Amino acid sequence: MIEIPHWIQIFVLIGIALVVVIVPIRILYEMTKDSRDRSKRFQDLADRLKEKFGAVEAHRTIFGMSRIEFKHDGRPASVYQPADDEILIQLEPRIDPKFHLLARTRGALTPPIVMLWESFRVLPRILTHDPLIDDSIELYATPTFGSYIREAALDGIPAEGKPTGLAESLVVLRKMPGVKRFELRMSPSGGFRLSFRLRSDDMLYRPEELESAVHHAFQLYDLLVLS
């Protein structure tokens, strides 16, 4: 039996020790660095919101999504950032929605029905039969509520000029600068939430864009919940 030289055994043991110690330290360093970077971006976002909103308070959490609470014209809302390229706006109204709605940027595939998982409801697609809405936005709601949405959208689409009311807010949200995709979810159990998938940082670094999104979110809430 060949005996392995003592110096080779020491060399191997040192190599194993370095791997066992250095690799976890490196992983931990990257994790803490990423966490520090996220914390700084989150605090920077909260500081920028103070330029346009009142009562801004940042709440960091170890588990779950951190949030920024604020008020727009005295009405409370919260902003979350689930990912670097995503923004979620949650309205905090006193009156919860009574109906179910999903409105989002139209994708390559447009299914005839969707499942609203937070309330476990299957919703059919609603068509307004106007290309301003149907060619770029998908609307899903119960048939009865869908009829109201269709009429409200068409009422805001003039023969000439810019859209108003519900149609205006949907079009503005779809065309927000730097936004790849928007989605509005409304239900009795899920509340009123608006999310954006970002292609650039316009909404993160230009608070006036976020202010516009919040303004139209509340305008939609007023039309869809309070009307």
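Our structure is the block above this text.
The structure reproduced in this document is the subject of the present report. Since we're looking at a predicted model, the values are computed, not measured.

1. Some points on the pairing of strand 3 (residues 75–83)
Point 1. As defined by bridge partners, strand 2 (residues 67–72) adjoins strand 3 across 6 bridges and the pair is classed as antiparallel. The partner of Glu-69 across the bridge, within strand 3, is Ser-78.
Point 2. Between the end of strand 2 and the start of strand 3, which pair antiparallel, lie 2 residues, with Asp-73 showing a positive phi angle near 55 degrees.
Point 3. Bridge count for strand 3 against strand 4 (residues 86–91) is 5 bridges, and the pairing is antiparallel.

2. Here's the deal with the packing of helix 4 (residues 165–174) against helix 6 (residues 207–226)
Point 1. Their axes nearest at 9 Å, the elements helix 4 and helix 6 cross at an angle of 145 degrees. Of the two possible hands of crossing, helix 4 and helix 6 adopt the one that is left-handed. Contacts between helix 4 and helix 6 involve Gly-165, Leu-166, Glu-168, Ser-169, Leu-170, Val-172 and Leu-173 on the former and, on the latter, Ser-212, Ala-213, His-216, Gln-219, Leu-220, Leu-223 and Leu-224.

3. Details of the sheet that holds strand 2
Point 1. With antiparallel pairing, the 8 strands of this open sheet are ordered in space as 1-2-3-4-10-9-5-8. Taken across any chain shown, the strands that pair with only one partner, and hence form the sheet edges, are strand 1 (54–59) and strand 8 (137–141). Across the sheet, the mean angle separating the axes of adjacent strands is 15 degrees when strand polarity is ignored.
Point 2. Sitting on the sheet, helix 4 is in contact with strand 5 (101–105), strand 8, strand 9 (179–187) and strand 10 (191–198), with an inclination near 125 degrees to strand 8.
Point 3. Running at roughly 145 degrees to strand 10, helix 6 makes contact with strand 2, strand 3, strand 4, strand 5, strand 9 and strand 10 of the sheet.

4. A word on the pattern of salt bridges
Two side chains with opposite charge may pair up if their charged atoms get near one another.
Point 1. Throughout the structure, instances matching the rule amount to 14 salt bridges.
Point 2. As a salt-bridge pair, Arg-104 and Glu-138 come within 2.7 Å of each other at their nearest N and O atoms. Of this pair, Arg-104 sits in strand 5 while Glu-138 sits in strand 8; the two residues are 34 residues apart in sequence, bridging distant segments of the chain. The burial state of Arg-104 is the same as that of Glu-138; both residues are buried.
Point 3. With its nearest N and O atoms 3.2 Å apart, the salt bridge here joins Arg-193 to Glu-118.

5. Things to note about the environment of Arg-174
Point 1. Tracing the backbone shows Arg-174 in helix 4.
Point 2. Exposure remark for Arg-174: the relative accessible area of 24% places this residue in the partly exposed category.
Point 3. A sequence separation of 38 residues divides Arg-174 from Ser-136, and the C-alpha atoms of the two residues are 8.0 Å apart.
Point 4. Ignoring sequence-local partners within four residues, the contact set of Arg-174 consists of Thr-105, Ser-136, Ile-137 and Phe-182.

6. Looking at the environment of Leu-204
Point 1. Positionally, Leu-204 belongs in helix 5 (residues 202–205).
Point 2. As for Leu-204 and Glu-86, which are separated by 118 residues in sequence, their C-alpha atoms are 9.7 Å apart.
Point 3. When near neighbours in sequence (up to four residues on either side) are disregarded, Leu-204 contacts Leu-45, Arg-48, Gln-81, Asp-84, Ile-87 and Leu-198.

7. Describing the packing of aromatic side chains
Point 1. Tallied over the entire structure, the rule returns 5 aromatic pairs.
Point 2. Ring geometry for Phe-99 versus Phe-145: centroids 4.7 Å apart, planes at 5 degrees, classification stacked. You can see Phe-99 sitting in the loop between strand 4 and strand 5 and its partner Phe-145 sitting in helix 3 (residues 143–155), a full 46 residues away along the chain.
Point 3. The buried category is assigned to Phe-145, whose relative accessible area is 4%.
Point 4. On the numbers, 6.0 Å between centres and 55 degrees between planes, the contact of Trp-117 with Phe-120 is tilted. Residue Trp-117 shares its accessibility class with Phe-120, and that shared class is exposed.

What counts as what
- Residues numbered from 1 in each chain as written.
- Predicted model: local features only at pLDDT ≥ 70, side-chain atom pairs only at ≥ 80, totals over all residues.
- Heavy atoms only, no water.
- Pairing = 2+ DSSP bridges.
- Helix = DSSP H or I, 4+ residues; strand = E, 2+ residues; numbered from the N terminus.
- Axes fitted to C-alpha atoms, helices over the stretch in contact; angles between N-to-C directions.
- Left-handed = near helix turned anticlockwise from the far one by under 90°.
- Contact = heavy atoms within 4.5 Å.
- Salt bridge = Lys/Arg side-chain N within 4 Å of Asp/Glu carboxyl O.
- Buried < 20%, exposed > 50% of the residue type's maximum accessible area, 1.4 Å probe, protein only.
- Phe/Tyr/Trp six-rings, centres within 6.5 Å; stacked < 30°, edge-to-face > 60°.

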